[in-house]
Amino acid sequence: MLSRTADHLYWMSRYMERAENIARFLDVANRLSLSGGARDACWRPVLTIGGGEPGYASGQGEVTPVGVIAYAVLDGANGSSMLSCLRAARENAHAVRSVIPSELWESINATWLDAKTITGARLREQGLVAFCDWVKDRSHLFRGATYGTMMRDEAFHFTRMGTFIERADNTARLLGVRAQGVTADTRDADPAEQLHWAAVLRSVSAYKAYRTLYRDGLSPAGVADLLILRDDMPRSLHACLDKIAVDLQALCASCECTRMAGGLHAELHFGRLASILGGGLDGAVNSFIDRNNQLAAQIHADFLMGV
Amino acid sequence: MAFDEMKAPQGGVRSSYRAYENWLLSIAPDTLPRKHAQADELFRRIGITFNVYGDQEGTERLIPFDPIPRVLSASEWSRVESGCIQRVRALNAFLGDIYHGQEILRAGIIPRERILANGFYRPEMQDLDVARDVYVHVAGIDVVRVGADEFYVLEDNLRTPSGVSYMLENRAMMMRLFPDLFALHRVRPVDHYPDLLLKALRTVPPAECDGEPTVVVLTPGYYNSAYFEHAFLAEQMGVELVEGRDLFVDDGKVWMRTTRGPKRVDVIYRRLDDDFLDPLAFRPDSSLGVPGLLSVYRAGGVTLANAIGTGVADDKATYIHVPDMIRFYLGEEPILPNVPTWKLENPDDRAHVLEHLGELVVKEVHGSGGYGMLVGPTATKAQIEEFRAKIVAAPASYIAQPTLALSTCPTLVDQGIAPRHVDLRPFVLSGEQVALVPGGLTRVALKEGSLVVNSSQGGGTKDTWVLEDDAC
């Protein structure tokens, strides 16, 4: 496969996944603010998670719900706004439309054609929750079309890898919001913390799973366990690395990126929460994000840059 | 009154449209507009769009699709088909000749300077042998009709003719919208076009190629107006769609960059103009091409389809000579005649044309896409005067033709069904054999009375049906 094609496929799915995750972050913020959370504590994380804080500050200044929503959803100058992501996903898909199944292309194209009509006024009228749900639906459709129609060939592996590299990064960032001081022993949380971790779980559709798996109450350590180590939780770091390792193994068993992914995967597969959180959840999250970025860079070097 | 494809001159409908008319009378009045809207929606979703140069706002537009088919009977088609094959055989022979011995120039049939001083004549091609002596692997021959038995060739497109994806998508759309119509008609299929194309490309590997040739489609990229078509054809043929930056030259061969390292490329179906192919040989500012491509091509390391330098044969100044080429190379009489054409460098012709500008069509010799042309009967006084000045300033850059009453075909417009002028572009493939699928792209001028069918000028398209047998 052409290196450029692989690159487009990989970024197509990364951008689609990113759009979905921004919807999830906004969902957390919205839930918290409805439960009476302080404005800044609720909405600033949307900016920090997305790495958009400097960009926002220079354009808007004070953190307000309307400002954050406009920036994270609509702002074309913000490369990681939902609209920018959906546009980038569509542009990447457009460049490889001869390679991907037509159903996949049509779903991405239709998503963009609808998304680009959204304005501040329409977003208000429709409501943030409805819009975020719609973006999540479109992302599910994208993944379903990918999984249901693509040949299990190189194109498929690059597409899947984009999804899981991005998702691993986003889950880690989500965990990092109130990570300071959290260790494997942090079993108690004050009511405000409780609300926060419940919102985190709900944003990744993991609340019910948590309740079923962890009989004791909601605790930061429990949430960290679920979203880092449980391989049966599809948005956990472990689950993402499971997929990445398999895709890389299929693409090139002897490549450097495959070795790196294997190492990272082994730590999540065999590691214990106490040692992973030894330096605190924030340290664990930052270290994971760095290594995930290094892995992504190695994938680029091994496949996407070409000769 | 122009000849109508559906209505017979003596009243009633022509036989090829009989079943269609019965169907039309049987459906609810809102059926066509409803299906039309549905088609628009589907095309937009599929992303069959067309980028318009110099149009900021609508950079991606749909080519209007008309839901009423253009129907040709088996015998009408067989004439167009054999005429197109004959023409393309002669044009390929002509290109082989002028890039080798130049017999036709020696015989004085075409003036030497007209060819050798032509900007599209490529000295780089002189004495270069191409696989199977095929220069034009894909040709679009624009055919117009003015009467029941009167077909003319209006133009040959021998460089990178486009539109074939619309032929295929229009058929797919019609089958989706009107399955019942296909049960009532025996319409000859067109969807094997990509197979024919791939087969043709595989039969022209370069001299330096062992084993199955690797074929790719080379596109300028997704901002190009015909990007959809490039992607579509690559997908349908199951070959890579490459841009210039995906290819490189090394060791006298062309390679593409893949996730598993470099891979050899043998046949390039390129949808990039000559000028942009190789910045080392042609335009140095081209970032779309492949540095060193020409040297590999000249050494027989790669096939380009179409070959470099075919523009010299589809130029409107060369067009005049195609009937002579057919006689010279094939010893046959042209099956499809040319439209009578005045050469404006010739003083008698020029005087006549300048006197009758209001009745004639004037075209730029090197123009295409419906740009730079004057349609006398619909032009304003100012436009006519503008062309008069241009012709006087550079007569050799223009030709003139009578304003043909192009045939009309019933077309869905805001007010209902009305006749609109159409042409037909069949796509002729040359490899081991010369072949075409039954049909082509019917373009329709949607504006009342307009004779300009180009999509860049507001034209639309129709599905073209070639019926299996003549209806009795």
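Parameters and conventions
- Residues numbered from 1 in each chain as written.
- Chains lettered and ligands numbered in written order.
- Predicted model: local features only at pLDDT ≥ 70, side-chain atom pairs only at ≥ 80, totals over all residues.
- Heavy atoms only, no water.
- Helix = DSSP H or I, 4+ residues; strand = E, 2+ residues; numbered from the N terminus.
- Rg over C-alpha atoms; globule rule 2.2 N^0.38 Å.
- Buried < 20%, exposed > 50% of the residue type's maximum accessible area, 1.4 Å probe, protein only.
- Areas by Shrake-Rupley, 256 points an atom, 1.4 Å probe, with all protein chains shown as cover.
- Lys, Arg positive; Asp, Glu negative; His and termini not counted.
- Charge placed at Lys NZ, Arg CZ, Asp CG, Glu CD.
- Contact = heavy atoms within 4.5 Å.
- Pairing = 2+ DSSP bridges.
- Axes fitted to C-alpha atoms, helices over the stretch in contact; angles between N-to-C directions.
- pLDDT = per-residue confidence, 0-100.
- Phe/Tyr/Trp six-rings, centres within 6.5 Å; stacked < 30°, edge-to-face > 60°.
- Lys NZ or Arg CZ within 6 Å of the ring centre and 35° of its normal.
- Buried area = accessible area lost by both parts, 1.4 Å probe.
- Salt bridge = Lys/Arg side-chain N within 4 Å of Asp/Glu carboxyl O.
- Polar contact = N/O pair within 3.5 Å; in protein donor to acceptor, adjacent residues only side chain to side chain.
- Disulfide = S-S within 2.5 Å.
- Core = buried A, V, L, I, M, F, W, Y, C linked by side-chain atoms within 4.5 Å.
- Expected span 1.5 Å × (residues − 1).

**Student:** Whenever I open this one, the overall build of chain A confuses me. Can you help?
**Tutor:** Summing up its helical and strand segments, chain A has 16 helices and zero strands in all. On C-alpha atoms alone, chain A measures out to a radius of gyration of 19 Å, which is about the 19 Å that the 2.2 N^0.38 rule sets for 307 residues. Along the three orthogonal principal directions, the C-alpha set of chain A runs to about 55 × 50 × 35 Å. Expressed as a percentage of its 307 residues, the buried residues of chain A come to 57%. Of the roughly 12,200 Å² of accessible surface on chain A, 51% is carried by carbon and sulfur atoms. Across chain A, the mean location of the 32 positive side-chain charges is 4 Å away from that of the 34 negative side-chain charges.

**Student:** In this structure, what is going on with the overall build of chain B? I would like to understand it.
**Tutor:** Of the regular secondary structure elements, chain B holds 15 helices and 22 strands. When the backbone C-alpha atoms are referred to their principal axes, chain B occupies close to 65 × 60 × 45 Å. Intrachain contacts of chain B at a sequence separation of at least 6 include 69% that bridge at least 24 residues. Approximately 19,100 Å² of chain B is accessible, and the part contributed by carbon and sulfur atoms is 50%. Of note, chain B has its 48 positive side-chain charges centred 2 Å away from the centre of its 65 negative side-chain charges.

**Student:** Please explain the sheet that holds strand S11 (residues 267-270) of chain B as it appears in this structure.
**Tutor:** Strands belonging to one sheet form pairs held by backbone hydrogen bonds; the direction of such a pair is parallel or antiparallel. All names here are of chain B. The four strands lie next to each other as S7-S6-S11-S12, forming an open sheet whose pairing is parallel. A single partner strand is all that each edge strand has here, and the edge strands are strand S7 (240-242) and strand S12 (303-305). Between one strand and the next, the sheet's axes are offset by a mean angle of 30°, whatever the strand orientation. Summarising the sheet, strand S6 (residues 215-218) and S7 pair through three bridges and their orientation is parallel. Bridge pairing links Val-217 to Leu-241 in S7.

**Student:** For this particular structure, what's the right way to read the confidence of the model for chain B?
**Tutor:** In the predicted model, chain B carries a mean pLDDT of 91, and 95% of its residues have values of at least 70. Here the complex is predicted with pTM 0.84, and the ipTM for its interfaces comes to 0.76.

**Student:** Could you clarify how one ought to interpret the pairing of strand S9 (residues 253-258) of chain B in this entry?
**Tutor:** Residues in a regular strand point their side chains to alternate faces of the sheet. Residue and element names in this part refer to chain B. Looking at chain direction, strand S8 (residues 247-250) and S9 are connected through four bridges and run antiparallel. From the neighbouring strand, Asp-250 faces S9, where its bridge partner is Lys-253. If you look at the hairpin formed by S8 and S9, you'll find two residues sitting between the two strands, and Asp-251 has a positive phi there, around 55°. Both S9 and strand S10 (residues 261-265) contribute to a ladder of five bridges, which runs antiparallel. For Trp-255, the partnering residue across the bridge sits in S10 and is Arg-264. Counted between consecutive antiparallel strands, the loop separating S9 from S10 contains two residues.

**Student:** How do you make sense of the packing of aromatic side chains when you look at a structure like this?
**Tutor:** To describe a pair of aromatic rings, you give the distance between the ring centres and the angle between the ring planes. Enumeration according to the criterion identifies 21 aromatic pairs over all chains in this entry. Pairing Tyr210(A) with Tyr214(A) gives two aromatic rings, centres 4.6 Å apart and planes at 20°, and the pair type is stacked. Since its relative accessible area comes to 0%, Tyr210(A) is described here as buried. On the numbers, 5.0 Å between centres and 85° between planes, the contact of Phe328(B) with Tyr329(B) is edge-to-face. With a relative accessible area of 32%, Phe328(B) lands in the partly exposed category. Overall, Tyr329(B) belongs to the partly exposed group, its relative accessible area being 22%. In this structure an aromatic cluster arises from ring pairing among Tyr17(B), Tyr20(B), Trp23(B) and Phe178(B). Sitting above the plane of the Tyr147(A) ring, Arg152(A) keeps its charged end 4.6 Å from the centroid.

**Student:** Could you clarify how one ought to interpret the interface of chain A and chain B in this entry?
**Tutor:** Bring the parts together and some accessible area is lost; that lost area is often taken as the interface size. Between chain A and chain B, the residue contacts involve 24 residues of the former and 25 residues of the latter. Roughly 2,200 Å² of surface becomes buried between chain A and chain B when both sides are summed, with 48% attributable to carbon and sulfur atoms. Across the pair Arg260(B) and Glu154(A) runs a salt bridge whose closest N-O atoms are separated by 3.5 Å. Taken together, the connections running from chain A to chain B amount to eleven residue pairs in polar contact (both at pLDDT 80 or more). When residues of the side of chain A that touches chain B are traced back to their parent elements, those giving at least two are helix H1 (3-34), helix H5 (82-95), helix H6 (102-115) and helix H9 (154-175) of chain A.

**Student:** What is the right way to read the state of the cysteines from this model?
**Tutor:** Such a bond, covalent and formed between the sulfur atoms of two cysteines, is termed a disulfide. Summed over all chains, the structure comprises one disulfide over all chains. Through a disulfide, Cys252(A) is tied to Cys255(A); the S-S separation comes to 2.0 Å. Across the S-S bond linking Cys252(A) and Cys255(A), the dihedral sits near 85°, which makes this disulfide right-handed. Its relative accessible area of 16% is what places Cys252(A) among the buried residues. Cys84(B) takes part in no disulfide bond, and the closest cysteine sulfur, belonging to Cys409(B), lies 18 Å away.

**Student:** It is not clear to me how the environment of Gly140(B) should be interpreted in this structure. Could you clarify?
**Tutor:** Residues and elements named next belong to chain B. Tracing the backbone through its elements, the reader meets Gly-140 in strand S4 (residues 138-147). Each C-alpha atom of the pair Gly-140 and Val-80 lies 13 Å from the other, and the pair is 60 residues apart in sequence. Apart from residues no more than four positions distant in its own chain, Gly-140 is found in contact with Glu-155, Asp-156, Asn-157, Pro-161, Arg-425, Pro-426 and Phe-427.

**Student:** Hey, could you run me through the nonpolar core in this one?
**Tutor:** Soluble globular proteins: nonpolar side chains tend toward being buried together. Leu26(A), Trp43(A), Leu248(A), Leu295(A) and Phe303(A) are the most contacted members of the largest nonpolar core, which totals 107 residues. For this core, the element with the most residues is H1(A), which contributes 15 residues. With residues up to four places along the chain from it excluded, the contact list for Leu295(A) reads Ile165(A), Leu241(A), Ile244(A), Leu248(A), Cys257(A), Met260(A) and Ala261(A). By size, the runner-up hydrophobic cluster in this structure holds 73 residues, among which are Leu2(A), Leu218(B), Ala307(B) and Val428(B).

**Student:** Could you clarify how one ought to interpret the sheet that holds S9(B) in this entry?
**Tutor:** Residue and element names in this part refer to chain B. Strand order in the open sheet formed by three strands is S8-S9-S10, and the pairing between neighbours is antiparallel. Each end of this open sheet is capped by a strand with a single partner; those strands are S8 and S10. Neighbour-to-neighbour, the strand axes of the sheet open up by a mean angle of 45°, direction not taken into account.

**Student:** Even after reading the chapter, I still don't get the pairing of strand S5 (residues 150-157) of chain B, so can you show me in this structure?
**Tutor:** Of all eight residues making up S5(B), six are buried, and the element is well covered by its neighbours. Here S4(B) folds back onto S5(B) in antiparallel fashion, the turn holding two residues.

**Student:** Even after reading the chapter, I still don't get the pattern of salt bridges, so can you show me in this structure?
**Tutor:** Charged atoms that come close allow side chains of opposite charge to pair. Considering all chains together, one arrives at 48 salt bridges over all chains under this definition. When the shortest N-O distance is used, the salt bridge between Glu76(B) and Arg14(B) registers 2.5 Å. On the criterion of sequence distance, the pair formed by Glu76(B) in helix H3 (residues 74-98) and Arg14(B) in the segment before helix H1 (18-26) is long-range, its members being 62 residues apart. Because the salt bridges share partners, they merge into one network encompassing Glu17(A), Glu20(A), Arg24(A), Arg143(A), Arg167(A) and Arg235(A).

**Student:** Help me understand H9(A) in this model?
**Tutor:** Think of an α-helix as turning once every 3.6 residues; residues three or four places apart then point the same way. Relative to the 32 Å expected for 22 residues at 1.5 Å per residue, H9(A) spans 32 Å between its end C-alpha atoms, a close match to the ideal helical length. Burial of H9(A) is extensive: 21 of the 22 residues sit out of reach of the surface.

**Student:** Explain the environment of Phe387(B) here, please?
**Tutor:** All names here are of chain B. Tracing the chain through its elements places Phe-387 in helix H15 (residues 381-393). Spatially, the C-alpha atom of Phe-387 lies 9.4 Å from that of Gly-372, the residues being 15 residues apart in sequence. Apart from the residues within four sequence positions on either side, Phe-387 is in contact with Val-362, Gly-372, Met-373, Leu-374 and Tyr-398.

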